[in-house]
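Examination of the molecular architecture
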Amino acid sequence: MRYAYYPGCVSRGACPELFSATEQVCKALGIELELEAMRSASCTGSGILQEKNLRLGDTLNARNLALAERTGLPLLTICSTCQGVMSQANKRLRGDEAYLAEINADLAEEGLEYKGTADPKHLLWVLVEDVGLDKLRSLVVRPLEGFKAAPFYGCYLVRPSSALDFDDHPERQDALERVIEAVGAEVIDFPGKTLCCGFPIIMSNEANALKMVARHTSDAQELGADAMVTPCPLCHLNLDGYQPQASGIAKKPIELPILHLPQMIGLALGIDPGAMRLNRHMTSTKKLLSELVLTP
Amino acid sequence: MDVTLSVRRFDPEAERPAPYFQEYQLELDDSAMLLDGLIKIREEIDGTLALRCSCRSAICGSCAMRVNGRARLACNTKIADVATADNGAVVVEPAGNMEVLKDLVTDFGPFWEKVRAVEPWLQPEGPEPEQEYLAPNEDMLHLAGVMSCIMCGACVSDCTVLAVDPNFLGPAALAKAYRFVGDPRDDADAHRLGDLNEYGGVWDCTRCMQCVEVCPKGVDPMERIMSLRDKAMEAGHTKSYGARHAEALTASVEHHGRVDEAKLPILSKGRFNVVEQLRMVPLGVRALLAGKMPPLFPKKNPGQESVRRIFEKVEKRQ
């Protein structure tokens, strides 16, 4: 299995642990990542650039999709937001030939053309649809028995469902829970798992963003979760970075490690926690790892 | 079809009022809507069940409620579509983010107050025309979607911001605001956009898309809120943290091809906003200690020039 790899900005910025964990896990799963051909890809605009200029956002995403298309490989993402923004753009581009032609006119001068064949897939979907849960299970060397994991999807990986092909891929709707089970862990279901982490308004309305962090982390913790697992590095940043403030809001101590999806899988595949930088989180993972007898 | 509806009940006149779930077993036609089931309960099983409904045709907007945790109109939700394969109960609850008056009936008072707050009427300037105000068809087409709003409150029910802050105007009122800001006959944009730029307005939306997902009429409230943000910025409201954030992120993509995470918070809060900059220091220190401080000078993206050309081309044309 080989994919054109779009790691996004955050895995090479504030979440280097996601980048290392993805590389290690993909290697262990037999997934080859073609990063070189995608090095000149740009940010998707993360929905924010689109507020100001949707057409510009679609052109930038068409450019990224064209770069992936040129490799002849399927495209793999590791961020719910990147995935969602790309999927939405792809839907608009593929759904309107005239629009795509106009966008391609702008790409022509860059030596690119998007034919509309790219199908970006988040690592979470790749695990379920391409690798397969049976194969994942067979590669588990250290089942995460006793590990209680609360799933947290990130808005863009669940909405709008029309852009995420849920009709053709109903398995995407509970993929995270199925993956948690496949590595031997227990799913802690909680109402916030598909809601907003607050990250998009951390700059504009910090008080509300922190209330969201407080609600989700304390809910999951109260239900007995040892950690939260997320396929979105932006959710990770907000839920991991603001727990001291969230504890103040919830008026109770909150200490809930926020694992990136590949970090959890890596633990089950026997990858060294240190190599996945599990010791470099804002909310310590030390207790969790010692309980799992996995201290780096 | 045999179905079980698990309905959240609440009687304010009970001795100790507290919500509880009550299960009803029903035999219904395979094509039955949820509302058919609820009316059957009320008429044949339990006359004390309170719910609002009227048209049964997804026009009046009376019967929005949460079905299996998600806002829907009971009248256009087919029971077969929401019943689980293992014949588990369909969970029916009142709309969220509103006070429950009784069973499935919620208080729409705050909803209407917020709609009124956006002044949902035309405010044209200049002399009144002899006949009606005219608007070209093409200028009104973009409002067709938002005019489809039936004020059912499904978007308000599932809004993630209202869940933590009742001060937020919310998706329905903001979509209504767009309907007037976008109307070519209206001349009150300046004060409308000024008001919407305040706390509780357009910048408080998280872009979580819950409203887009649950709206039964395709109004896309969030997209309207994004358009209002753009219009507010164009009208010169560029000093809010939200506007600065959008501006800084866009500039970062233009110049670096990627998000410059280290500078984004600084620029969003305002370079000379010393108080806010100092408030961010503890987080910065914790990030640094954890090895999660983004690079101060992000690596050059080999596609940077190409991205910049695209910016120029697309922006110039507009």
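These numbers were taken from a predicted model, which means no experiment stands behind them. (Residues numbered from 1 in each chain as written. Chains lettered and ligands numbered in written order. Predicted model: local features only at pLDDT ≥ 70, side-chain atom pairs only at ≥ 80, totals over all residues. Heavy atoms only, no water.)

**Focus: the domain arrangement of chain B**
In terms of domain boundaries, chain B breaks down into domain 1 (2–106), domain 2 (109–234) and domain 3 (241–317). One C-alpha centre belongs to domain 2 of chain B, the other to domain 3 of chain B; they are set 30 Å apart. (Domains from an automatic or database assignment.)

**With respect to the packing of aromatic side chains**
Applying the stated criterion to the full structure yields 4 aromatic pairs over all chains. Measuring from ring centre to ring centre gives 6.1 Å for A:Tyr5 and A:Phe19, while their planes differ by 25 degrees; the resulting arrangement is stacked. Of this pair, A:Tyr5 sits in strand E1 (residues 2–6) while A:Phe19 sits in helix H1 (residues 16–29), placing them 14 residues apart in sequence. By relative accessible area, A:Tyr5 is classed as buried at 1%. Ring plane angle 80 degrees and centroid distance 5.0 Å describe the contact between B:Phe111 and B:Trp112, whose orientation is recorded as edge-to-face. Through pairs of rings, three or more aromatic residues link up here, namely B:Phe108, B:Phe111 and B:Trp112. The cationic tip of A:Arg172 hangs over the ring face of A:Trp125; the distance from NZ or CZ to the ring centre is 3.8 Å. (Phe/Tyr/Trp six-rings, centres within 6.5 Å; stacked < 30°, edge-to-face > 60°. Helix = DSSP H or I, 4+ residues; strand = E, 2+ residues; numbered from the N terminus. Buried < 20%, exposed > 50% of the residue type's maximum accessible area, 1.4 Å probe, protein only. Lys NZ or Arg CZ within 6 Å of the ring centre and 35° of its normal.)

**Describing the interface of chain A and chain B**
With 60 residues of chain A at the interface, the matching set in chain B holds 59 residues. Summing both sides of the interface, chain A and chain B together bury roughly 5,100 Å²; the carbon and sulfur share of this comes to 56%. When the buried surface of chain A facing chain B is broken down by residue, A:Glu51, A:Lys52 and A:Met203 rank first, second and third, together holding 16% of it. Counting across the chain A and chain B interface gives 9 salt bridges. (Contact = heavy atoms within 4.5 Å. Buried area = accessible area lost by both parts, 1.4 Å probe. Salt bridge = Lys/Arg side-chain N within 4 Å of Asp/Glu carboxyl O.)

**Focus on the sheet that holds strand E5 (residues 148–151) of chain A**
Residue and element names in this part refer to chain A. Spatially, 4 strands are ordered E6-E5-E7-E8 in an open sheet, and the strand pairing comes out parallel. Only two strands of the sheet have a single neighbouring strand rather than two, namely strand E6 (186–187) and strand E8 (258–260). In the sheet, E5 pairs with E6 via 2 bridges, with the strands oriented parallel. If you follow Lys-148 over to E6, its bridge partner there is Glu-186. Along the sheet face, helix H10 (residues 233–241) touches strand E7 (227–230) and E8 and points at about 160 degrees away from the line of E8. (Pairing = 2+ DSSP bridges. Axes fitted to C-alpha atoms, helices over the stretch in contact; angles between N-to-C directions.)

**As for helix H8 (residues 175–182) of chain A**
Residues and elements named next belong to chain A. Counting buried residues along H8, 6 of its 8 residues qualify, which places the element largely inside the surrounding structure. All buried positions along H8 are accounted for by Ala-175, Leu-176, Glu-177, Val-179, Ile-180 and Ala-182. Taken together, the buried residues of H8 touch helix H6 (123–131), helix H7 (133–139), E5, E6, E7 and helix H12 (261–268). Just past H8, the residue Gly-184 takes up positive phi, approximately 90 degrees.

**Remarks on the pattern of salt bridges**
This model, assessed by the stated rule, comprises 38 salt bridges over all chains. Notably, a salt bridge pairs A:Lys193 with A:Glu177, separated by 2.7 Å at the nearest N-O pair. Taken together, the residues span a long stretch of sequence, with A:Lys193 in the loop between E6 and helix H9 (206–222) and A:Glu177 in helix H8 at a distance of 16 residues. Take A:Lys193 and A:Glu177: they sit in the same class, and that class is buried. Here B:Glu305 ties to B:Arg308 by a salt bridge, and the two come within 3.8 Å at their closest N and O atoms. Linking B:Glu305 with B:Arg308, this pair stays in helix H15 (residues 304–317), spanning 3 residues, or about one helical turn. Owing to a relative accessible area of 41%, B:Glu305 belongs among the partly exposed residues under this scheme. When salt bridges with common partners are traced through the structure, they connect A:Glu109, A:Glu110, B:Arg309 and B:Lys313 into a single cluster.

**With respect to the sheet that holds strand E4 (residues 121–122) of chain A**
Residues and elements named next belong to chain A. Pairing is parallel in the open sheet, where 4 strands are placed in the order E2-E1-E3-E4. Looking at strand neighbours, the two that pair on one side only are strand E2 (32–34) and E4, the edges of this open sheet. Examined bridge by bridge, strand E3 (residues 75–77) and E4 share 2 bridges and lie parallel to one another. Looking across to E4, one finds that Thr-77 is bridged to His-122.

**A look at the nonpolar core**
In this structure, A:Met38, A:Leu60, A:Leu75, A:Leu93, A:Tyr114, B:Leu196 and B:Leu228 are the most contacted members of the largest nonpolar core, which totals 91 residues. Both domains that furnish three or more residues to this core are identified here as domain 2 (109–234) and domain 3 (241–317) of chain B. Excluding anything up to four places from it in sequence, A:Leu60 contacts A:Ser42, A:Leu49, B:Val253, B:Val307, B:Ile310 and B:Phe311. Listed in part, the 74 residues of the second largest apolar core include A:Ala21, A:Ile78, A:Leu133 and A:Cys232. (Core = buried A, V, L, I, M, F, W, Y, C linked by side-chain atoms within 4.5 Å.)

**Details of a nonpolar patch on the surface**
Residue and element names in this part refer to chain B. A cluster of nonpolar side chains, contributed by Val-274, Leu-278, Val-281, Val-285 and Leu-289, occupies part of the molecular surface with about 490 Å² of accessible area. Elements that contribute at least two residues to the nonpolar patch include exactly helix H13 (274–279) and helix H14 (281–290). Ranked by the residues each element gives to the nonpolar patch, the list is headed by H14, at 3 residues. With respect to the helices and strands, Leu-278 occurs in helix H13. (Patch = residues over 30% accessible without salt bridge, like charges linked within 9 Å, V, L, I, M, F, W, Y side chains within 5 Å. Areas by Shrake-Rupley, 256 points an atom, 1.4 Å probe, with all protein chains shown as cover.)

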